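Tertiary structure, described
Here's the letter readout for the chains.
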Amino acid sequence: MTDPIADYLTRLRNAIKASHRIVEIPASNIKKEITKVLHDKGYIQNYKFEQNGPQGSIKIALKYNPTSKQNAIVSLERVSTPGLRKYVKHDELPRVINGLGIAIVSTSKGVMTDKEARTEGIGGEVLCYVY
C-alpha cells in the first residue's frame, strides 16, 4: 500500500455510504492521531485502539444524527499525497468552508487542526479536509 492515509479515509467514506455503525481500520501512529483529532472535533462518536497481531487496529464508532440518520462527516478529502506533498506556512493555512470544516495538518508539534496550527504559529503538511 503506497498511501495508508488515503486508505484510512476511503474506509471511513465507504462505511459512511453503507451506513455502518462501526468501522475497523489497520492501525498506525498517524492514523491514531487523525482519529483523535476527529473525535475531539466531534466528527466521530468514539474509538478504540486494539493490539491484535503486530500492527493492531482502530475501531471507530461513526456518529449519526438520531432523527435524520445523517452522518456528522459530509466529506473527507485527501490533500497531500505521496506523489505531491502539500506543505504550507502558518499564514497560508487553508480555511475549509470558511471555517465550518477542518483541515488536518501534520506539524512538528504533532497532528492538529488548521485553527490550532494557526494559533501556535506553525505550518506543516496538509493531510486532509473534513466537513
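Residues numbered from 1 in each chain as written. Predicted model: local features only at pLDDT ≥ 70, side-chain atom pairs only at ≥ 80, totals over all residues. Heavy atoms only, no water.

**Remarks on the overall build of the chain**
Definition in use: A helix here means a DSSP run of H or I that spans at least four residues, while a strand means a run of E at least two residues long, and both kinds are numbered starting from the N terminus. Throughout, the radius of gyration refers to the C-alpha atoms, and the reference size of a globule is 2.2 Å times the residue count to the power 0.38.
Counting its regular elements, the chain contains three helices and eight strands. Along the chain, from the amino end to the carboxyl end, the secondary structure elements read α-β-α-β-β-β-β-β-β-α-β. The C-alpha radius of gyration of the chain comes to 15 Å, within 12% of the 14 Å expected for a compact globule of 131 residues. The dimensions of the chain, computed from C-alpha atoms along their principal axes, are 40 × 40 × 25 Å.

**Regarding the pairing of strand β8 (residues 124-130)**
Condition: Partly exposed describes any residue whose relative accessible area lies between the buried limit of under 20% and the exposed limit of over 50%, with all areas from a 1.4 Å probe on protein chains only and scaled to the type maximum. Pairing between strands requires that DSSP locate at least two bridges from one strand to the other.
Of all seven residues in β8, seven are buried; the element is thus mostly enclosed. As defined by bridge partners, strand β4 (residues 76-78) adjoins β8 across three bridges and the pair is classed as antiparallel. Each bridged residue has a counterpart across the sheet, and for L76 the counterpart in β8 is V130. Where strand β6 (residues 102-107) and β8 come together, five bridges link them in antiparallel fashion. The residue bridging I104 from the neighbouring strand is C128, located in β8.

**As for the domain arrangement of the chain**
The condition that has to hold: Marked domain ranges trace back to an automatic or database domain assignment. For this analysis, residues touch if any pair of their heavy atoms sits within 4.5 Å. Once two parts are brought into contact, the accessible area they lose, counted with a 1.4 Å probe and summed over both, makes up the buried area. In what follows, salt bridge is the name for a side-chain nitrogen of Lys or Arg lying within 4 Å of a carboxyl oxygen of Asp or Glu.
Examined at the domain level, the chain breaks down into domain 1 (4-62) and domain 2 (76-130). In this structure, domain 1 and domain 2 have C-alpha centres spaced 19 Å apart. Facing twelve residues of domain 1, the contacting portion of domain 2 comprises 14 residues. Summing the contributions of domain 1 and of domain 2, the shared interface buries around 1100 Å²; its carbon and sulfur component is 80%. Together, L9, V37 and Y43 form the three largest contributors to the area buried by domain 1 at its contact with domain 2, with a combined 39%. Where domain 1 packs against domain 2, one counts one salt bridge.

**So, the nonpolar core**
Basically, it comes down to this: Throughout this description, the term nonpolar core refers to a set of buried Ala, Val, Leu, Ile, Met, Phe, Trp, Tyr and Cys residues connected via side-chain atoms within 4.5 Å.
Counting 26 residues, the largest nonpolar core has L12, L38, I60, I104 and V130 as its most contacted members. Every element with two or more residues in this core is listed here: α1 (4-17), β1 (22-26), α2 (29-40), β3 (57-62), β6 and β8. At six residues, α1 tops the list of elements feeding residues into this core. Built from parts of two domains, this core gets at least three residues from each of domain 1 (4-62) and domain 2 (76-130). With near-sequence residues (within four places) excluded, I104 lies in contact with I34, V37, L38, V111, M112, E125, V126, L127, C128 and V130. The next biggest cluster of nonpolar side chains, apart from the first, holds eleven residues, and it includes V79, A117, I122 and Y129.

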